[in-house]
Amino acid sequence: MQFKHPEILYFLFLLVIPILVHLFQLRRFKKEYFTNVKLLRQLQQQTRKSSTIKKWLLLVTRLILLALLILAFAQPFFNAKEAKNKDNELIVLLDNSFSMQAKGSRGELLKRSVQELLESFPENQTFSLITNDVVFWDIDSKTIQSELQKLDYSALPFELDYLLTQVDSKKPNTKKDYIIISDAIGTNSKKMESLSKENDVYFINPKAENKNNISIEKVSLSQVLDAFYEIKIDLKSYGETTEAIPVAVYNKEALIAKSQVTFDRIEKELKINIPKAAFHGKVTLQDNSLQYDNDFYFSISQPKKQNVIIIGTNEKNKFLNKILTENEFVVTNTELAQLNYNAIEDQQTIILNEVAEIPQALTTTLLSFYNKGGNIILIPSQENSIQNLNSFCKNFGSFQFSNKNETEKQITKISFNHPLYKNVFEKNVTNFQYPKVNQSFTTSGNGLPILQFEDKTNFAASISNKIGNLYIFTASINKQNSNFQNSPLIVPTFYNMAQAKNSSKTNTFTIGENETLIIDAILSKDEVVSVSNIENSFIPQQQIVNTKVKLAFGDYPVKSGNYNVKQAENTIQEISFNYPRTESDLSNINATLFDNTTTVNNVETVLNDLQSKRTDTALWKWFIIGTLLFLLIELLIQKFVK
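Described in the following lines is the structure provided in the data block. (Residues numbered from 1 in each chain as written. Predicted model: local features only at pLDDT ≥ 70, side-chain atom pairs only at ≥ 80, totals over all residues. Heavy atoms only, no water.)

1. What about the overall build of the protein chain?
So, step 1. Each helix and strand counted, the protein chain has 12 helices and 37 strands in total.
So, step 2. Relative to a compact globule of 642 residues, whose C-alpha radius of gyration would be 26 Å, the protein chain shows 43 Å and is clearly more extended.
So, step 3. On the principal axes, the C-alpha backbone points of the protein chain span a range of 170 × 55 × 50 Å.
So, step 4. Each of the 642 residues in the protein chain was classed as buried or not, and the buried ones make up 45%.
So, step 5. Of the contacts formed within the protein chain by residues at least 6 apart in sequence, a portion of 71% connects residues at least 24 apart. (Helix = DSSP H or I, 4+ residues; strand = E, 2+ residues; numbered from the N terminus. Rg over C-alpha atoms; globule rule 2.2 N^0.38 Å. Buried < 20%, exposed > 50% of the residue type's maximum accessible area, 1.4 Å probe, protein only. Contact = heavy atoms within 4.5 Å.)

2. Here's the deal with the side chain of threonine 493
So, step 1. Positionally, threonine 493 belongs in helix α10 (residues 490-498).
So, step 2. For threonine 493, a relative accessible area of 0% translates into the label buried.
So, step 3. Side-chain polar atoms of threonine 493 contact the side chain of tyrosine 421, separated by 2.8 Å.
So, step 4. There is a polar contact of 2.7 Å between the side chain of threonine 493 and the backbone oxygen of leucine 489.
So, step 5. If near-sequence neighbours (up to four positions away) are discounted, threonine 493 is found in contact with Leu420, Tyr421, Leu451 and Phe473. (Polar contact = N/O pair within 3.5 Å; in protein donor to acceptor, adjacent residues only side chain to side chain.)

3. Remarks on the pairing of strand β6 (residues 127-130)
So, step 1. Along β6, one buried face is formed by Phe127 and Leu129 and the opposite face, lined by Ser128 and Ile130, is buried too.
So, step 2. Relative to β6, strand β3 (residues 89-94) is paired through 3 bridges, and the arrangement is parallel. Within the sheet, the bridge partner assigned to valine 92 lies in β6 and is leucine 129.
So, step 3. As paired elements, β6 and strand β7 (residues 135-139) share 3 bridges and run antiparallel to each other. The residue of β7 that forms the bridge with phenylalanine 127 is isoleucine 139.
So, step 4. As consecutive antiparallel partners, β6 and β7 are separated by 4 residues. (Pairing = 2+ DSSP bridges.)

4. A short note on the pattern of salt bridges
So, step 1. According to the stated counting rule, one finds 16 salt bridges in the structure shown.
So, step 2. With its nearest N and O atoms 3.8 Å apart, the salt bridge here joins lysine 197 to glutamate 193. One end of the pair is lysine 197 and the other is glutamate 193, both in helix α6 (residues 192-198) and 4 residues apart, which spans about a single turn.
So, step 3. Between glutamate 345 and lysine 372 there is a salt bridge; the shortest N-O distance is 3.9 Å. Remark: lysine 372 occurs in the loop between α8 (360-371) and β20 (375-379) and glutamate 345 occurs in the loop between β18 (329-334) and β19 (349-353); sequence separation between them is 27 residues.
So, step 4. For glutamate 345, a relative accessible area of 44% gives the class partly exposed.
So, step 5. Where salt bridges share partners, they join Glu89, Asp138 and Lys171 into one cluster. (Salt bridge = Lys/Arg side-chain N within 4 Å of Asp/Glu carboxyl O.)

5. A few points about the sheet that holds strand β11 (residues 228-238)
So, step 1. Taken together, 3 strands build an open sheet; the order of strands is β10-β11-β14 and the sheet is antiparallel. The open sheet has two edge strands with one neighbour each: β10 (213-224) and β14 (267-275). When the angles between neighbouring strand axes are averaged without regard to direction, this sheet yields 25°.
So, step 2. As defined by bridge partners, β11 adjoins β14 across 9 bridges and the pair is classed as antiparallel. (Axes fitted to C-alpha atoms, helices over the stretch in contact; angles between N-to-C directions.)

6. Details of helix α5 (residues 160-170)
So, step 1. Three or more residues of α5 are buried, namely Leu160, Leu163, Leu164 and Val167. Down the axis of α5, the sector holding all buried residues measures 100°, keeping them to one side.
So, step 2. In this structure, the buried side of α5 is in contact with β3, β6, β7, β8 (176-181) and α6. (Arc of directions from axis to C-beta.)

7. A closer look at a nonpolar patch on the surface
So, step 1. A contiguous nonpolar patch, built from Leu628, Leu629, Leu631, Leu632, Leu635, Leu636 and Phe640 and spanning about 690 Å² of accessible area, is present on the exposed surface.
So, step 2. Mapped onto the elements of the fold, phenylalanine 640 is located in helix α12 (residues 620-640). (Patch = residues over 30% accessible without salt bridge, like charges linked within 9 Å, V, L, I, M, F, W, Y side chains within 5 Å. Areas by Shrake-Rupley, 256 points an atom, 1.4 Å probe, with all protein chains shown as cover.)

8. Focus on the nonpolar core
So, step 1. Ranked by size, the top nonpolar core spans 51 residues in total, and within it Phe121, Leu129, Ile179, Phe553, Ile575 and Phe577 carry the most contacts.
So, step 2. Counting residues per element, this core draws most heavily on helix α3 (residues 109-120), which supplies 5 residues.
So, step 3. The contacts of isoleucine 575, once residues within four sequence positions are left out, are His280, Ser299, Asn507, Phe509, Leu517, Val531, Phe553, Gly561, Asn562, Tyr563 and Val565. (Core = buried A, V, L, I, M, F, W, Y, C linked by side-chain atoms within 4.5 Å.)

9. Here's the deal with the sheet that holds strand β27 (residues 469-473)
So, step 1. Strand order in the open sheet made by the 9 strands is β18-β17-β19-β20-β27-β26-β25-β22-β23, with mixed pairing throughout. At either margin of the open sheet sits one strand with a lone partner, and together these are β18 and β23 (436-437).
So, step 2. Two strands pair when backbone bridges link them, and strand β22 (residues 409-414) and β23 are joined in this way by 2 bridges, in the antiparallel orientation. Counted as the bridge partner of glutamine 410 is lysine 436 from β23.
So, step 3. On top of the sheet, helix α7 (residues 314-323) reaches β17 (306-311), β18, β19 and β20; it is set at about 135° to β19, its chief contact.

10. A closer look at the pairing of β18
So, step 1. Two strands pair when backbone bridges link them, and β17 and β18 are joined in this way by 6 bridges, in the parallel orientation. Bridging from a neighbouring strand, valine 308 pairs with valine 331 of β18.
So, step 2. Note on the crossover from β17 through α7 to β18: the handedness is right-handed. (Right-handed = clockwise from strand over helix to strand, strands pointing away.)

11. Details of α3
So, step 1. With 12 residues, α3 extends 16 Å between its outermost C-alpha atoms, agreeing within 8% with the 16 Å of an ideal straight helix rising 1.5 Å per residue.
So, step 2. Among the residues of α3, those classed as buried are Leu109, Leu110, Ser113, Val114, Glu116, Leu117, Leu118 and Ser120. (Expected span 1.5 Å × (residues − 1).)

12. So, the environment of asparagine 507
So, step 1. By the secondary structure assignment, asparagine 507 is in the loop between α10 and β28 (508-510).
So, step 2. The buried category is assigned to asparagine 507, whose relative accessible area is 7%.
So, step 3. Spatially, the C-alpha atoms of asparagine 507 and phenylalanine 577 are 8.6 Å apart, while their sequence positions differ by 70 residues.

13. So, the environment of tyrosine 250
So, step 1. Residue placement: tyrosine 250 occurs in strand β12 (residues 245-251).
So, step 2. Under the relative-accessibility criterion, tyrosine 250 is labelled partly exposed at 26%.
So, step 3. Spatially, the C-alpha atom of tyrosine 250 lies 45 Å from that of tyrosine 178, the residues being 72 residues apart in sequence.

By themselves these figures say nothing about function.
Structure, rendered in structure tokens:
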């Protein structure tokens, strides 16, 4: 037993006072009695003995009473079991990912958890709160009340190890207690086991009552028709869904199309036609579960005409001019001798169509053009020397020509997964009419196959630096050497090569995946482009590459929606951002992650447990009760003992 105020124990010397008083009261003069009162003397002696016992009882009672009172003021106590941890810092890790949007027995999981924090914490108790995207250090519930009530859902996942690293960086070498509030959807941790051994960790697991959910996974452009775009909507059902779910397509605020989808399997595709025009809208559905994955924003830009230079003879260029029509391309035909090198920078695509000898000056110019995001298509001539072709190709990678093959070959294999053929084929085709070539070059290196011969060597391959593309054919395509010009493959192949950076597509990006976008823009030295909508605005990382700008979005923006890429006040492109669909499966719970923690139902239980384990056992109340008890005993002695 210890005392909070041990100096008060000096007052125990006051116990001498009742002893002295008692001794003083025992002093009496001796009296002599006459014989005629002998009987009275006998009675008086008996009474005096009784009185002496009473006085001794009163003395003992008063000594104990006074001692108990002094000890009570000294405040005796027993040390708590975890007294050494009573100064630990309290850390609350709150999951505000989109899965916490689900509804539990008392409403949305996140909002209910926030309300419980505000109700349970005393106003004067200090703690730190870390969420997926917001951190509050050393605050109290009164200070943080407004911010907590406005706390929004985050596109960032609940990465427990990252949050723990943040805590360790901010508060190294301090003892901590943790309260983790999470539904544990898709949560993993390598630090959890060691954390539980070194700290008191409490886990509160709010649970959704309804785990069924429907998500719009993706919206893509599946087909370009004369007057319409056909968009493909990929949907996914988690759990059992028996009702028909309404789906709507909006262009800005205008309703464009409506449909319904019934889930007879987990994944469904829905195809809807929309007008062939610039589009800046969303697909939306209605279900009774998570809301964040019910909207998918997408944009389709109005296609710009592509500038193309075809270097070759007019006779050999005819088939290319039939494919690259003036409705979508501005085509310049020129022979090598008349080529204007200064015009190359203003082009999107350069086609070397059977140029017999590629000069070094043109190679240098095209390499710069490629590095700035341009597309190059190389169709070799039968007159090309292998040395000249390799001198050109070595600037772009390890793709090399080795020898000329005089054997006829059929083109039998299409790389359906190549970006060039995206949305071209509804299914893999195997029984098409195989085109052929009479002569071809054997090649090797790092080219990505597009079309291959029957012996699995390349007829067409691609090299890319992520902003520019080089497409290489290994054989001439003139009618004397090949019938490829008569094949249905030639149109989508050359059309998409020339349209690679400007093809109609849904300009959509996923928040947090640090995707990039290359746009056509001429910026001055200190000028930047910004990305904004009505509610949000940010400046992405950007790199100027001649007449283009490469944008990297990092973790921005914070909210999904349709955005405009702006140069000053002018919109130069419309794009859309969507949340990653990582929180949609409400059954994906990591049930074993918190096995080594103390699982509780609410914050109040945690605070009570910590207080009971770390609060010293005060004994002063018992000493006060003892004082009152002996005071009562004294009164009883005074009244009943004669």
